[in-house]
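A structural walkthrough
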Amino acid sequence: DVKVTQSSRYLVKRTGEKVFLECVQDMDHENMFWYRQDPGLGLRLIYFSYDVKMKEKGDIPEGYSVSREKKERFSLILESASTNQTSMYLCASSPGGGSYNSPLHFGNGTRLTVT
Amino acid sequence: EDQVTQSPEALRLQEGESSSLNCSYTVSGLRGLFWYRQDPGKGPEFLFTLYSAGEEKEKERLKATLTKKESFLHITAPKPEDSATYLCAVQAWASGTYKYIFGTGTRLKVLA
C-alpha cells in the first residue's frame, strides 16, 4: 500500500511566522501535490511537482512556496503565516510516466491554526 | 469551465436503507473519475477508479457506475461504519496539463 506521511497532524502558529509542512511518500511516485481543504470549498490545489526540483503553481499559490529536493519529500512553506491560511492541508502523490490517469494517494492531513 | 458537482450535500440513512450519491461533471478530455471516502480529521481514502462510460466497480456494500455525464456511488444496506464524507474527483486535460478536479463531497450519516 502507498503510504504518504505528513509530519504533523496539528500545528498552531502565530501570524507572521514561517511555517514548514513536510510530506514523505514511500512508493517512488514522481508526482506530489499540496492541497488545502476548507468547508464548502472542497480541495484546492496549491502547488504540485512532477519531478525532483520541479514545481508548478496550482490554483491558489499566493502566500505559499514549495521545495522538492528529493523524490520522496515535498515540503510546503508558508512564508509569513496569516489567519486566512488556517486550514486542513493535504499532501498527495501519484505515479508518473504514462500513468496519467492514476488516483491520488493522500496523507492524513495537517490541521494548521494561525492565531 | 471544468466542474464537478456532488449531490446531495448531506444524506441521513437508516441502517439497511440503500441509496445513491451523485457526481456530475463537465470536463473536456476526461481521463478518469475517482471516488474517495474521508473520515473526520483524516485524509481521503481511495475507493474506485472509473475510466469509461458503462464501467462499474464494486467493493463490499459500495458500487460505482459511470456515464458520459455523471457517476453514481450506490450504497447497499449501509451500516453505521459507512458514515463518512464521500468525494468524487475527475482527471482532465486543462491548461496544458492533467488536473484533478474535486467535488465538495456528500456527508453520509448512517443511523443504527
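Please refer to the structure higher up on the page.
The present account deals with the structure reproduced in this document. All residue numbers here refer to positions counted from 1 along the written sequence of the relevant chain. Numbering of ligands from 1 and lettering of chains from A proceed in the order in which they are written. For this predicted model, a pLDDT threshold of at least 70 governs which residues receive local features, and a threshold of 80 or more governs which side-chain atom pairs are given and counted, while totals over whole chains, interfaces and linings are taken from all residues. Think of the side-chain values as coming from all heavy atoms in the structure, minus any hydrogens and water.

Looking at unusual backbone geometry
Residues other than glycine predominantly adopt negative phi, and peptide bonds predominantly adopt the trans conformation. How we decide: Working definition: helices are DSSP H or I runs of at least four residues, strands are E runs of at least two. Numbering for both runs from the N terminus.
For the peptide bond that leads from B:S7 to B:P8, omega is -10 degrees, which places it in the cis range. Looking at the secondary structure, you find B:P8 in the loop between β1 (3–7) and β2 (10–14). Even without a glycine there, the phi angle at A:D28 is positive, about 60 degrees. With respect to the helices and strands, A:D28 occurs in the loop between β3 (19–25) and β4 (31–38).

Topic: the nonpolar core
All names here are of chain B. The cut-off we apply is this: Side-chain atoms within 4.5 Å are what join buried Ala, Val, Leu, Ile, Met, Phe, Trp, Tyr and Cys residues into a set we call a nonpolar core. Partly exposed residues are those whose accessible area sits between 20% and 50% of the maximum for their type, while under 20% is buried and over 50% is exposed, using a 1.4 Å probe and protein chains only. Any two residues whose heavy atoms approach within 4.5 Å at even a single point are treated as in contact.
The biggest cluster of nonpolar side chains holds 23 residues, and the ones touching the most others in it are L33, W35, L73 and Y86. The leading source of residues in this core is strand β9 (residues 84–94), at four residues. Residues within four places of Y86 in sequence aside, it is in contact with Q6, L21, W35, Y36, R37, L47, L62, L73, G105, T106 and L108.

Brief notes about the sheet that holds strand β6 (residues 56–59) of chain B
Strand pairs in the sheet, formed through backbone hydrogen bonds, run parallel or antiparallel to each other. All names here are of chain B. Going by this rule: At least two DSSP bridges between two strands are needed for those strands to be called paired. Note on geometry: axes are C-alpha line fits, over the in-contact stretch for helices, and angles between N-to-C directions span 0 to 180 degrees.
Ordered in space as β1-β3-β8-β7-β6, the five strands form an open sheet in which the pairing is antiparallel. Edge positions in the open sheet fall to β1 and β6, since each of these has one partner strand only. Ignoring strand direction, the axes of neighbouring strands in this sheet form an average angle of 15 degrees.

Examining the side chain of A:S87
Residues and elements named next belong to chain A. Spelled out, the test is: Counting of polar contacts relies on pairs of N or O atoms within 3.5 Å, with two restrictions inside protein: one atom must be capable of donating a hydrogen and the other of accepting it, and residues adjacent in sequence are counted only when both atoms are side-chain atoms.
Residue position: S87 is located in strand β9 (residues 87–94). Side-chain polar atoms of S87 contact the backbone oxygen of Q37, separated by 3.2 Å. When near neighbours in sequence (up to four residues on either side) are disregarded, S87 contacts R36, Q37, D38, T110, R111 and L112.

Considerations on the pairing of β1(B)
All names here are of chain B. Residues V4 and Q6 line the buried face of β1, whereas the alternating positions Q3, T5 and S7 sit on a face that is not buried. With five bridges joining them, β1 and strand β3 (residues 19–26) adopt antiparallel strand pairing. Among the inter-strand pairings, Q6 is bridged to a residue of β3, identified as C23.

Any functional reading would require information beyond the geometric quantities listed.
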